[in-house]
Amino acid sequence: MLEKTYLPAEVETRIYDQWESQGAFRAGSADRAEASPFTIVIPPPNVTGSLHMGHALNNTLQDALVRFERMRGRDVLWQPGMDHAGIATQMVVERNLAEEGVERRSLTREDFIARVWAWKNQSGGMIINQLKRLGCSCDWSRERFTMDDGLSRAVLKVFVELYRADLIYKDKRLVNWDPKLLTAISDLEVQQVETKGKLWHLRYPIKGVAGRHIVVATTRPETMLGDTAVAVHPEDERYRDLVGATVVLPLVGREIPIVADEWADPEQGSGAVKITPAHDFNDFEVGRRHDLPMVNVLDAAAHINDNAPEAYRGLDRIEARKRVVADLEDQGLVEKVEDHVHMVPHGDRSGVPIEPWLTDQWYVDAKTLARPAIAAVEHGETVFVPRNWEKTYFEWMRNIEPWCISRQLWWGHQIPAWYAPDGAIFVAESEEEAHELARRALGRDVILERDPDVLDTWFSSALWPFSTLGWPDETPKLKRHYKTDVLVTGFDIIFFWVARMMMMGLHFMQEVPFHTVYIHALVRDEKGQKMSKSKGNIIDPLDLIERYGADALRFTLAAMAAQGRDIKLSESRVEGYRNFATKLWNAARFAEMNGCERQAGFDPRRVEATLNRWIVGETEEATRAVTEAIEGYRFNEAASAAYRFVWNIFCDWHLEFIKPVLAGPDGPEKTETRATAAWTLDQILKLLHPFMPYVTEELWQRRGGEGLLALAEWPRLSGLVDAQAKADIDWLIETITAVRSVRAEMNVPASAQLPLSLVGAQDETRARARRYEEPMRRLARLSEVTFAQDAPAGAVQVVLGEATLAMPIADVINLDAERARLEREISKISDEIGKLDGKLSNEKFVARAPEHVVEENRERKAEAVETRARLSAALERLKGAA
């Protein structure tokens, strides 16, 4: 006998252990050797990571897909693994060392890396167990790590082959430089921070024109020490005579040209801009267009270097800024200073402002590799869902810059490049091969020194869809599972990861890595705000799992995952879906207590009772709706269809309708009804399993299901919809619902039984009313059901089909008092609608208020309008009764 209450904490670990011990998630089982493969590679979480709500959404949707396809008989591989997370991991280990009083650079590189591996083996990968807690059905026997031997070999091979194809090269360009961590970082590791600063307007003297200056504005006066030009717009009449002239750079004395370039905006400030190619990304491009010198005036720690005048050398950038401004003021070259709020890029891990810094780094020729990746999406080889993300993909890919792949770290894939004493570079998969290349090139043995840098973490991640399957070896797994079926990911890494996987997959596998990219939205708080530590609004998925169970969280996320719409998550929603799990448990318990047991050989096509013919047809329609929605990545529609069927149709109606049969004498109808209810419940467990795997698996096993539900066959139903049964029961439900609505709207006491008169009912309606009088009276709390040509006096009337439902209520409520109550409520709601209209028609409010506030007001207005319409209809019915 099922316990009275479902307790997720007592079930989930036990069920997950069963799945694992019985190999439920393993791909390549003998019984699926002929099955069509279905493959997803997990976006590898950082080895330092902990489950956050974005992970919970992303992996819930992936798990729904793989559980669905596994039940459809496919050979499913959900490939798991973790990313070595270069900077994040190195920082964790460095902090641990600092607590021991050890500084990283006091260790050899080999000793430090050994410490990282020791940390990884002891403490890393906590997120894997958290994913299991969520219910993720990955094939954990195939777990990979971006630094394991196989993936490291793939990384070496890719680097060497791209280098030899002139698609990897070394260059001096600007990078995002973190002066605290002393490494280049990716754009994704840069956080824009709103900062209250100053805007200094500086006068640069025109050479040879006494007393004439050109004014430039800057938020960073210290970088003017590296200026190599001033730019003006070619069509700006104010400066047309100065193009080609030079200015004398204050404090430095260097003559720099005035160039015409469209980067200068005549509408901004003076219309003239200082150009510092070594310290600004836009200036770098201007410098290349005009062949300007690149003068780097900062060292790796963001101190002024020897390229600047001696007075500033060694100063920190902030101190240098103060000194430069003071010296310019002394010379009368500061025209004005304004308060200025602007966005300053910071390293997301170091927390310090990053520097656009000119340095030698390794680059991938992304423009060349992007061409086939663009064409693949243009030709539909890979499709984005929703399709609007293809535009974002194209915009990024068609404007792609060289990809900086080197990082000044110790933890990661060390770049396979060796340098001879004369600076010659030898790129090879091993040191032995590099020495052989050097001998051939130089004619003798020389000492080679390996490049100390490591590769960007995204480089190894770009190989994930094929390196995890065994590449560069031609493994059976690679042949069977590449290309993969779908990638599920967030929009923020379309460029950093999705695009790069496309480029690498097409180059090395000559085929796209996945045919579909499903882009899910963000999980925000209940007010629509992005979750952040600073706002204190972070919702921990593990806390919700602890309180409500994994199934409740999973179903919440799936039910709210509408394509292209961010999720506004509140704990109350999770609590609500916990109640849904409880409803399912109670339904199963009711079925058990009433002898609704699985019947061998049960055929839903052969049931005879109308209620049974109706519910098997409803089951078919629900199955079709859930199946089509999952196939179309409309997870919210799939979850909603399952929810409506379980709660609204099966629990609220079917179980209520069949109670008299189950409580009645034994006989063929009771036997059939029990078997039908049991069969329907089995189908429900299957339909819900992709979203709520724990409670459904527990009920399946407790109810004597064969094998694991995780491996049971997905319902394939057809021919079960009986038009007559559907029409009959739909009419019955509509009638009871209409009566219940009147009772609720008119505040009819629950204990009061109303007479119902069917006015103008034709023969078919009369026959239905006679046939289903018992459930109508029981569930609508009716004293009698009669027929008439005219409505009785004092009756509230509702039109249903060709008939009118007439319910005399004057004897059970005070009509005048009820009319007054409805009028007050309608007036109150109308006032609220007026206020909301005023806000939403106010252009200033709409422009200035946060987007989530505007959206909340729109939603409140829509709800209020709907409520007013319902109450107005009730009032009209009440007036008719009077």
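Provided above is the structure to which this section pertains.
What counts, and at which threshold
- Residues numbered from 1 in each chain as written.
- Predicted model: local features only at pLDDT ≥ 70, side-chain atom pairs only at ≥ 80, totals over all residues.
- Heavy atoms only, no water.
- Helix = DSSP H or I, 4+ residues; strand = E, 2+ residues; numbered from the N terminus.
- Contact = heavy atoms within 4.5 Å.
- Buried < 20%, exposed > 50% of the residue type's maximum accessible area, 1.4 Å probe, protein only.
- Phe/Tyr/Trp six-rings, centres within 6.5 Å; stacked < 30°, edge-to-face > 60°.
- Expected span 1.5 Å × (residues − 1).
- Arc of directions from axis to C-beta.
- Polar contact = N/O pair within 3.5 Å; in protein donor to acceptor, adjacent residues only side chain to side chain.
- Pairing = 2+ DSSP bridges.
- Axes fitted to C-alpha atoms, helices over the stretch in contact; angles between N-to-C directions.
- Salt bridge = Lys/Arg side-chain N within 4 Å of Asp/Glu carboxyl O.
- Right-handed = clockwise from strand over helix to strand, strands pointing away.
- Parallel < 35°, antiparallel > 145°, perpendicular 65-115°, else oblique.

Trainee: Even after reading the chapter, I still don't get the side chain of Thr-223, so can you show me in this structure?
Mentor: Its location among the elements puts Thr-223 in the loop between strand E8 (213–218) and strand E9 (229–232). Among residues more than four places away in sequence, those in contact with Thr-223 are Lys-274, Thr-276 and His-279.

Trainee: Is there a simple way to think about the side chain of Thr-680 in this case?
Mentor: Secondary-structure assignment places Thr-680 in helix H21 (residues 668–688). Residue Thr-680 is classed as buried on the basis of its relative accessible area of 0%. Ignoring any residue separated from it by four or fewer positions in sequence, one finds Thr-680 in contact with Ile-615, Thr-619, Phe-645 and Phe-650.

Trainee: What exactly am I supposed to notice about the packing of aromatic side chains here?
Mentor: By convention here, two paired aromatic rings are described through the distance between centres and the angle between planes. The final tally for this structure, using the stated rule, is 39 aromatic pairs. Between the aromatic rings of Tyr-6 and Trp-585, the centroid separation amounts to 5.1 Å while the plane-to-plane angle is 35°, which identifies the pairing as tilted. One end of the pair, Tyr-6, is in the segment before helix H1 (8–21); the other, Trp-585, is in helix H18 (residues 571–593), and 579 residues separate them in sequence. The burial state of Tyr-6 is the same as that of Trp-585; both residues are buried. Ring plane angle 90° and centroid distance 5.8 Å describe the contact between Tyr-577 and Tyr-643, whose orientation is recorded as edge-to-face. Of this pair, Tyr-577 sits in helix H18 while Tyr-643 sits in helix H20 (residues 635–663); the two residues are 66 residues apart in sequence, bridging distant segments of the chain.

Trainee: Could you clarify how one ought to interpret H1 in this entry?
Mentor: Note: α-helices contain 3.6 residues per turn, so residues at a spacing of three or four share the same orientation. A rise of 1.5 Å per residue sets the reference length of H1, with its 14 residues, at 20 Å; its end C-alpha atoms lie 20 Å apart and thus fit the reference within 8%. The set of residues buried in H1 consists of Pro-8, Val-11, Glu-12, Ile-15, Tyr-16, Gln-18 and Trp-19. Taken down its axis, H1 places every buried residue within 155° of arc, on the same side. Pointing more than 90 degrees away from the buried face of H1 are the exposed residues Ala-9, Glu-10 and Ser-21. In the core, the buried residues of H1 are packed alongside helix H2 (53–71), helix H5 (126–134), helix H16 (541–548), helix H17 (550–559) and helix H22 (693–702). Of the residues flanking the end of H1, it is Gly-23, one or two places downstream, whose phi is positive at about 65°.

Trainee: Honestly, the environment of Glu-189 in this entry has me stumped. Any pointers?
Mentor: For Glu-189, the position within the fold is in the loop between strand E6 (183–185) and strand E7 (190–205). Between the C-alpha atoms of Glu-189 and Asp-178, which are 11 residues apart in sequence, the distance is 10.0 Å. Other than its neighbours up to four places away in sequence, Glu-189 contacts Ile-87, His-346, Gly-347, Asp-348 and Arg-349. A distance of 2.8 Å separates the side chain of Glu-189 from the backbone nitrogen of Ser-186, its partner in a polar contact.

Trainee: I'm lost on the environment of Leu-720 in this one. Help?
Mentor: Here Leu-720 shows up in the loop between H22 and helix H23 (723–745). Of the residues examined, Leu-720 reaches a relative accessible area of 7% and is grouped as buried. For the pair Leu-720 and Asn-129, spaced 591 residues apart in sequence, the C-alpha separation works out to 43 Å. For Leu-720, the residues in contact, after removing those within four places along its chain, are Pro-604, Arg-605, Arg-613, Val-616, Gly-617, Glu-620 and Trp-679.

Trainee: Would you mind going over the sheet that holds strand E27 (residues 782–788) with me for this structure?
Mentor: Backbone hydrogen bonds are what pair the strands of a sheet, in a parallel or an antiparallel way. With respect to topology, 4 strands assemble into an open sheet ordered E27-E26-E29-E28, the strand pairing being mixed. Every other strand in the sheet has two partners, leaving E27 and strand E28 (795–800) as the edge strands with one partner each. Adjacent strand axes in the sheet meet at a mean angle of 20° when their direction is disregarded. As paired elements, strand E26 (residues 754–759) and E27 share 6 bridges and run parallel to each other. What sits directly across from Pro-755, in E27, is Glu-784. Here helix H24 (residues 763–771) sits on the sheet and contacts E26, E27 and strand E29 (803–808); the angle it forms with E27, its principal contact strand, is near 160°. The sheet contacts of helix H25 (residues 773–780) involve E26 and E27, and relative to E27 the element is tilted by about 130°.

Trainee: Where do I start with the pattern of salt bridges in this structure?
Mentor: Side chains bearing opposite charge may pair, as long as their charged atoms lie close to each other. This model, assessed by the stated rule, comprises 72 salt bridges. Between Arg-220 and Glu-222 there is a salt bridge, with the nearest N and O atoms lying 2.9 Å from each other. The residues Arg-220 and Glu-222 share a single accessibility class, namely buried. Salt bridges linked by common partners bring Glu-69, Arg-72, Arg-74, Asp-485 and Glu-631 together as one network.

Trainee: Explain helix H4 (residues 109–122) here, please?
Mentor: Helix length check: H4, at 14 residues, gives a terminal C-alpha distance of 20 Å against a target of 20 Å (1.5 Å per residue), a fit within 8%. Taken residue by residue, H4 has Arg-109, Phe-112, Val-116, Trp-119 and Lys-120 as its buried positions. Along H4, the residues classed as buried sweep out an arc of 100° about the axis, all on the same side. Within H4, the exposed residues directed more than 90 degrees away from the buried face are Glu-110, Asn-121 and Gln-122. Buried residues along H4 sit against strand E3 (81–82), helix H3 (86–99), strand E4 (144–145) and strand E21 (454–455).

Trainee: Any chance you could explain the pairing of strand E1 (residues 37–41) here in plain terms?
Mentor: On any regular strand, side chains alternate: one points to one face of the sheet, the next to the other face. For E1, the tally of buried residues reaches 4 of 5 residues, placing the bulk of the element in the interior. Pairing between E1 and strand E2 (residues 75–79): 5 bridges, direction parallel. Each residue of the ladder has a partner; that of Pro-37, found in E2, is Asp-75. As a crossover connection, the stretch from E1 through H2 into E2 is right-handed.

Trainee: Looking at this structure, how should I read the sheet that holds strand E16 (residues 403–404)?
Mentor: Spatially, 4 strands are ordered E6-E5-E14-E16 in an open sheet, and the strand pairing comes out antiparallel. Whereas interior strands pair on both sides, the edge strands pair on one side only; in this sheet they are E6 and E16. In terms of strand pairing, strand E5 (residues 168–178) meets strand E14 (residues 355–364) through 10 bridges, oriented antiparallel. Its bridge partner being in E14, Lys-172 is matched across the sheet by Asp-360. On top of the sheet, helix H7 (residues 281–289) reaches E5 and E14; it is set at about 145° to E5, its chief contact.

Trainee: Explain the packing of helix H19 (residues 610–631) against H21 to me, please; I cannot follow it from the model alone.
Mentor: Helix-helix packing: each pair is described by the crossing angle between the helix axes and the interaxial distance. Running from N to C, H19 and H21 cross one another at 10°; their axes reach a closest spacing of 10 Å. For the element pair H19 / H21, the angle class is roughly parallel. Residues Asn-612, Ile-615, Val-616, Thr-619, Ala-622, Thr-623 and Val-626 of H19 lie in contact with H21, whose contacting residues are Glu-672, Thr-673, Thr-676, Trp-679, Thr-680, Gln-683 and Leu-687.

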